[in-house]
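Observations on the three-dimensional arrangement
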Amino acid sequence: MNKYYLRVEGVNISGFVDDTKDLNTIRGGGLILLDAIRAIDDEMGTTLRRIAVGASSGLFEFESDDPEAVAEKTRSYLLTSERVHATFVVDYVPANGEFEKEKELALAKNRFQQLRAPSFAIPSSKYETAKPCKENRLRPATERGRCASVLARHEYGKELKKEQFYKRLTGLDKKFTNDFEQIATDATRGNLNHKMAIIYLDGNKFGRIQAEKCGSPELLRGFDEKVQQLRKDMLRGLLEYIDDPERRNGWLNDKNPRNEENLRIETLLWGGDEIMWVVPAWQGWDTLRFFFEFSKDWEFVGADLTHSAGIVFCHHNAPIRRIKELAHDLAESAKDRKDPNGNYFAYEVLESFDHVGGKIDDYRLRRTPAAIVEDLRLESLLLSGANMAGIAEEFSAFADSLPRRRLYRIAEMLIAGTDVKAEIDELLKELNDADRKSLAEIAPLLNSPVDPAKDLKDELAANPAVWIHLNTLWDYLG
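Residues numbered from 1 in each chain as written. Predicted model: local features only at pLDDT ≥ 70, side-chain atom pairs only at ≥ 80, totals over all residues. Heavy atoms only, no water.

Some remarks on the pattern of salt bridges
The criterion, for reference: Salt bridges are defined by distance alone: a side-chain nitrogen of Lys or Arg within 4 Å of a carboxyl oxygen of Asp or Glu. Note on conventions: DSSP H or I runs of at least 4 residues are helices, E runs of at least 2 residues are strands, and numbering of each starts at the N terminus. Remark: exposure states derive from per-residue accessible area (1.4 Å probe, protein chains only) relative to the maximum for the residue type, with buried under 20%, exposed over 50%, and partly exposed in between.
Evaluated as defined, the whole model comprises 38 salt bridges. Here Glu266 ties to Arg27 by a salt bridge, and the two come within 2.7 Å at their closest N and O atoms. Highlighted residues: Glu266 in strand 8 (residues 266-271) and Arg27 in helix 1 (residues 23-38), separated in sequence by 239 residues. A residue is classified by how much of its surface remains accessible, and Glu266, at 1% relative accessible area, is buried. For Arg27, a relative accessible area of 3% gives the class buried. When the shortest N-O distance is used, the salt bridge between Arg49 and Glu61 registers 3.5 Å. One end of the pair, Arg49, is in strand 2 (residues 49-53); the other, Glu61, is in strand 3 (residues 57-64), with 12 residues separating them in the sequence.

Quick look at the packing of aromatic side chains
Inclusion rule: Ring pairs shown here join Phe, Tyr and Trp side chains whose ring centres sit within 6.5 Å, with only the six-membered ring taken for Trp; geometry is labelled stacked below 30 degrees between planes, edge-to-face above 60, and tilted in between. Placement of a positive charge over a ring is assigned whenever Lys NZ or Arg CZ falls within 6 Å of the ring centre and within 35 degrees of the normal to the ring plane.
Following the criterion strictly, the structure yields 18 aromatic pairs and no others. On the basis of an interplanar angle of 75° and a centroid distance of 5.3 Å, the ring pair of Tyr5 and Phe99 is categorised as edge-to-face. Of this pair, Tyr5 sits in strand 1 (residues 2-11) while Phe99 sits in helix 4 (residues 99-115), placing them 94 residues apart in sequence. When sorted by exposure, Tyr5 lands in the same class as Phe99, which is buried. Seen from their ring centres, Phe206 and Phe223 are 6.0 Å apart, and the 85° between their planes marks the pair as edge-to-face. Of this pair, Phe206 sits in helix 8 (residues 206-213) while Phe223 sits in helix 9 (residues 217-242), and the two are 17 residues apart along the sequence. Here Phe206 falls in the buried class, since its relative accessible area comes to 4%. The class for Phe223 is buried, based on a relative accessible area of 4%. Chaining the aromatic ring pairs together yields one cluster made of Trp277, Trp285, Phe291, Phe292, Trp298 and Phe345. Above the plane of the ring of Tyr92 lies Lys109, whose end atom (NZ or CZ) is 5.4 Å from the centre. Here the guanidinium or amino end of Arg153 rests over the ring plane of Phe16, the centre of that ring lying 5.0 Å away.

As for the packing of helix 1 against helix 5 (residues 148-156)
We apply this condition: Working convention: axes come from line fits to C-alpha atoms, limited for helices to the stretch in contact. Angles between N-to-C directions cover 0 to 180 degrees. Note on angle classes: values under 35 degrees are labelled roughly parallel, values over 145 roughly antiparallel, values of 65 to 115 roughly perpendicular, and the remainder oblique. Throughout, a residue-residue contact means that at least one pair of heavy atoms, one from each residue, lies within 4.5 Å. The residue classification treats Ala, Val, Leu, Ile, Met, Phe, Trp, Tyr, Cys and Pro as nonpolar and Asp, Glu, Lys and Arg as charged. All others, Gly included, are polar.
One can describe the packing of helix 1 onto helix 5 by two numbers: an axis separation of 7 Å at closest approach and a directional angle of 85°. In terms of orientation, helix 1 and helix 5 fall into the roughly perpendicular class. Along the contact surface, helix 1 presents Asn24, Thr25, Gly28, Gly29, Leu31, Ile32 and Asp35, while helix 5 presents Val150, Arg153, His154 and Tyr156. Grouping the constituent residues of the contact of helix 1 with helix 5 by class yields 4 nonpolar, 5 polar and 2 charged.

Focus: the pairing of strand 13 (residues 344-349)
A regular strand places its side chains on the two faces of the sheet in alternate fashion. What counts here: A pair of strands is considered paired only if DSSP assigns at least 2 bridges between the two. Clockwise travel from the first strand over the helix to the second, with the strands pointing away from the viewer, marks a crossover as right-handed.
Of all 6 residues in strand 13, 5 are buried, a share of seventy percent or more. Sheet topology places strand 12 (residues 307-315) next to strand 13; 6 bridges connect them, and they run parallel. Counterpart to Ile311 in the pairing with strand 13 is Tyr347. The β-α-β motif built from strand 12, the intervening helix 11 (residues 320-335) and the parallel element strand 13 has left-handed crossover chirality.

Some remarks on the nonpolar core
To keep it simple, the criterion reads: We define a nonpolar core as any set of buried Ala, Val, Leu, Ile, Met, Phe, Trp, Tyr and Cys residues linked to one another through side-chain atoms lying within 4.5 Å.
Ranked by size, the top nonpolar core spans 141 residues in total, and within it Ile265, Trp277, Phe345, Leu439, Leu460, Trp467 and Leu470 carry the most contacts. The element best represented in this core is helix 9, accounting for 10 residues. Apart from residues lying up to four places away in sequence, Ile265 is in contact with Tyr166, Phe176, Thr177, Ile183, Leu238, Leu239, Ile242, Trp251, Trp277, Val278 and Val279.

Some details on the sheet that holds strand 2
Pairing in this open sheet of 4 strands is antiparallel, and the strands run 2-3-1-4 from one edge to the other. Where the open sheet ends on each side, the last strands, each with one partner, are strand 2 and strand 4 (87-94). When the angles between neighbouring strand axes are averaged without regard to direction, this sheet yields 20°. Pairing of strand 2 with strand 3 involves 4 bridges; the strand directions are antiparallel. Bridged to Ala52 within strand 3 is Leu59. Against the sheet, helix 3 (residues 67-78) contacts strand 1, strand 3 and strand 4, and its axis sits at roughly 165° relative to strand 4.

Keep in mind these values describe shape, not function.
Below you can see the structure in the form of structure tokens.
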């Protein structure tokens, strides 16, 4: 028998996961893809052996005299049950001892097949004369008003499946909120009531690390297994952290008909080198800080496993598809920094239903101080994950003394290119010695280096990113 590599991927994700605003349906679409890929080798018995799997893709190896029969059996498995509403591509290549080339060829065949497929699975013709689905207006509705795809995903993503997801990965039996409103609603949170944080995390150069360190199926399997275990340990640690008696009140939503104590967190993406969470806006900063702190020592065969992140603070009714795209684009902006090492993130605060539109980098450039050298302006908006704890600690030390109205004025003047030394001088006069010291110490953490031997006013005027960050993050650093 000959050896082959088989690659499977769920494609056209936007037509299966992001076509509604219903959280159960979004969760269900993601879980269907995740569970389908991870169960392939179990369903296929000993035919396929897993090498590496992600949120919607998997690479397997097998031996056979009839590789097409194995591929067809895999396709048949994927076209049953609720998976019939998703779009999968399945391709195989011979294994001739050039693993990297063969892996890339399997990926290329998947992409070619994707380009020839419709953008979403075509529904059964028995609904072709029905009204459009009330959730996405794309597919014909059933007698229940939703299309068959939405119904299947909604049922799959209900509470039982969600609880199973966390329990399967962490072994912890917890209860969780069921929608974005439950995550974000807390009347005691002032400006942050009804607001949530969308966090997207993506591994830095994981593909390059695999190419350099994983020249065989065995090494790639080892890499995949290690990353999966690291992430499981991190998720367990996060759930234990947020359910700790000292801080769980900020995470619990017990305002429900059954008086259950539900944790306010949702995982929208899990697999490969990507994670996406939804948490209350008042917990967004601390959640991202926890991840960077927990993962700071991750490595594989001497290569650091670092991450870039995007975090968006917005209203719970904001269009989730656009917000997810924005969080992804922010993480890509963090990846583009000149120094590729370490954990960095970009953030945006969206008020009401505003969204940036167009290119995210163009929008962010318009919000940076004109005094910053142009090729460093976007970098000035990036922050290091290693500095998050220090930023929050220093900010809490002097936030009550910092005049918000003057801070806002300084930020607006900087963006307009107006000289701000006099305004900064007036602000510093309103602070005591301890508060000025805290401001001087938080500045370098916010990309505004300060030389203690020089005049603080001049230093803060020459390195102005600190004012933009403090003004924007005021409500979210608690």
